[in-house]
Amino acid sequence: MSIKLRFTLLIGSLLLGLVCALLIQQWLEYRELARNRSHLRQQQAQQLDHWLTATADSLGRYAAECAAGFAGNDPAWMLTDPDDSGAAAIWIARADGSLIRTVAAPGLAAPPLTMENIRTWSQLPPPERFFAEAAGRLLELRTHPIPPSAALPGSGWVIAARPWDESQLRLLAQLTEGTVQLRQQESAAPLPVHSQTRTLADWQNQPLRTLVIEYPEKGDAGFWWIISPQLPLFLAFGLLLVAAMGVSLQQWVLHPLARIDTSLTQGDSRSIQALRAHQDEFGRIARLVDETHAQQHQLRQEIAKRQRSEHALHSSEEQLRHTLEERIRLGRDLHDSVIQSLYATGMGLAGVRALLATEQAEAVARLGQIQAALNATIHDVRNFITGLEPEVLRQQTFAQAIENLLKQMQDLGPARGTCSIDTALADRLTLTQRANLLQITREAVSNALRHSDAARVWVTLKPDAIQGLCFEIGDDGRGFEPDLSNQSGGHGLENLAQRAHELGAVFTTHSGPGHGTRLQFVFNPRESS
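Residues numbered from 1 in each chain as written. Predicted model: local features only at pLDDT ≥ 70, side-chain atom pairs only at ≥ 80, totals over all residues. Heavy atoms only, no water.

## Here's the deal with the overall build of the protein
Thinking step 1. A tally of helices and strands in the protein yields 14 helices and 13 strands.
Thinking step 2. By the burial criterion, 36% of the 529 residues in the protein qualify as buried.
Thinking step 3. Summarising the internal contacts of the protein: among those between residues at least 6 apart in sequence, 62% fall at separations of at least 24.
Thinking step 4. Accessible surface, the protein as shown: approximately 31,000 Å² in total, 57% of it carbon and sulfur. (Helix = DSSP H or I, 4+ residues; strand = E, 2+ residues; numbered from the N terminus. Buried < 20%, exposed > 50% of the residue type's maximum accessible area, 1.4 Å probe, protein only. Contact = heavy atoms within 4.5 Å. Areas by Shrake-Rupley, 256 points an atom, 1.4 Å probe, with all protein chains shown as cover.)

## Focus on the sheet that holds strand 10 (residues 456-464)
Thinking step 1. If you trace the five strands from one edge of the open sheet to the other, you get 9-10-11-13-12, paired in mixed fashion. This sheet does not close on itself; its edge strands, each paired only once, are strand 9 (416-421) and strand 12 (506-511). Averaged over all pairs of adjacent strands, the angle between their axes in this sheet comes to 10°, without regard to strand direction.
Thinking step 2. Where strand 10 meets strand 11 (residues 468-475), eight bridges bridge the pair, whose relative direction is antiparallel. (Pairing = 2+ DSSP bridges. Axes fitted to C-alpha atoms, helices over the stretch in contact; angles between N-to-C directions.)

## Section: helix 12 (residues 431-451)
Thinking step 1. The end-to-end C-alpha distance of helix 12 is 30 Å, a good match for the 30 Å that 21 residues give at a rise of 1.5 Å each.
Thinking step 2. By the criterion of burial, helix 12 is predominantly enclosed, with 17 of the 21 residues buried.
Thinking step 3. Of the residues one or two after helix 12, D453 is the one with positive phi, at around 55°. (Expected span 1.5 Å × (residues − 1).)

## Let's talk about the side chain of Q168
Thinking step 1. The topology assignment puts Q168 in helix 4 (residues 166-176).
Thinking step 2. Given a relative accessible area of 11%, Q168 falls into the buried group.
Thinking step 3. Residue contacts for Q168: discarding those within four places in its chain leaves W51, R162 and P163.

## So, the pattern of salt bridges
Thinking step 1. By the definition in use, this model includes ten salt bridges.
Thinking step 2. Note that R142 is salt-bridged to E128, the shortest N-O span being 3.3 Å. You can see R142 sitting in strand 4 (residues 137-146) and its partner E128 sitting in the loop between helix 3 (115-119) and strand 3 (129-134), a full 14 residues away along the chain.
Thinking step 3. Among the ionic pairs, R518 bridges to E472, the shortest N-O distance being 3.3 Å. With R518 in strand 13 (residues 517-523) and E472 in strand 11, this pair connects stretches of sequence that are 46 residues apart.
Thinking step 4. For R518, a relative accessible area of 31% translates into the label partly exposed.
Thinking step 5. Among the ionic contacts, a cluster of salt bridges with common partners joins R129, E140 and R162. (Salt bridge = Lys/Arg side-chain N within 4 Å of Asp/Glu carboxyl O.)

As structure tokens, this is what we get:
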């Protein structure tokens, strides 16, 4: 990434940061406003409940004083002025529901209750405050029991009523500074967004009306329209700061760097001659670049001389290295292929010896298989001598070659071999990679048959999330200690490690006494040689 692009990203990041800061400030102000509005609504709800409670208590006190005056046989039992409580009617009723006395406005001669309703209060007292409808008006009712007295041998009730008329609603609107509505309970009209509602229930606690108070929302313009007085100043300062930084970087950093880059790219000092006179960091860099060009010219001449002398030495070393590598490869291939095949053949001959006395037909079949294995070994030796890859990989797929190898080993020993090869991954392998994996399989399976007493051997080729593919050979034999195996004098693990190096694979041995053996080769087929 060029420095110019980095500085462009820096300026863009600053602009993005400025926008984010503005949005955060906008969000914080909006959240604070929403918090204030929520607090205001809570206060409004508390004020509404307080007012409703206060007005109901005044009517309740009036009913209690009337009950006390009537029980005391006081002629002036209406001790309180009804205007103070807003009462429009007072009814004195016996426990059986019959009326004793009525003091009411016109149209309210009887309470909006039946005698049967009042009679049930002896068993189930009514709520102290409830609502009822009478003569097309909504009434707020408060009750108070009257104890037995000389004026009333039995118990009774005082029922005080206050109408919820237009004057009451106007008073409520003035107190709440909102718009007040009384809605029928079955009304399906949507409620205003900013409103408080209270349910007005009858004496059986059944909803009768809904009190709706709508509060005007001042300044509710939404999130994007809340602009503080400091916002334009903050925005202007941020843009000015970003612009000044961009101009300064272009003039003081990017322009000198462009001249130095041109000089280094073209190998010419003419583009930095103006910078050499500067006394800042770029002036010192320009003078160093000029000296570097002179030193590079001398160095190129020296390199040309040494390259001619080193070329001859390199050619001879390369030829010697190639000869040594061919010798090592031939020895390893003979060990992994021919010797392992001969080991397997020897084990087969040992098994045939035991069959000669009892099962001669089986012995003859085994001898035929051993003869075929020896012929294949001779064919491999000829291929190694001529420098060719094993012919079997040219005529078969990789999965078929592995299956045939396991079948050949299975015929020469008691172990059962299985393989699971991902054909899509196998198609990505080169011929050299397949040859190395086949030789690795022959070495590992031979070791399992000769040393581990394995009953089952498996070979898998599957994807690997990091490298690309994982090639694994395992058995359920007695296992071994990997750290001690290198001290036994064999070359098996050493050869496997060398082949893993040629594949560019990570070679891992998982084994332990009594836990079998798993050999893993993890590599990327596109990156291996």
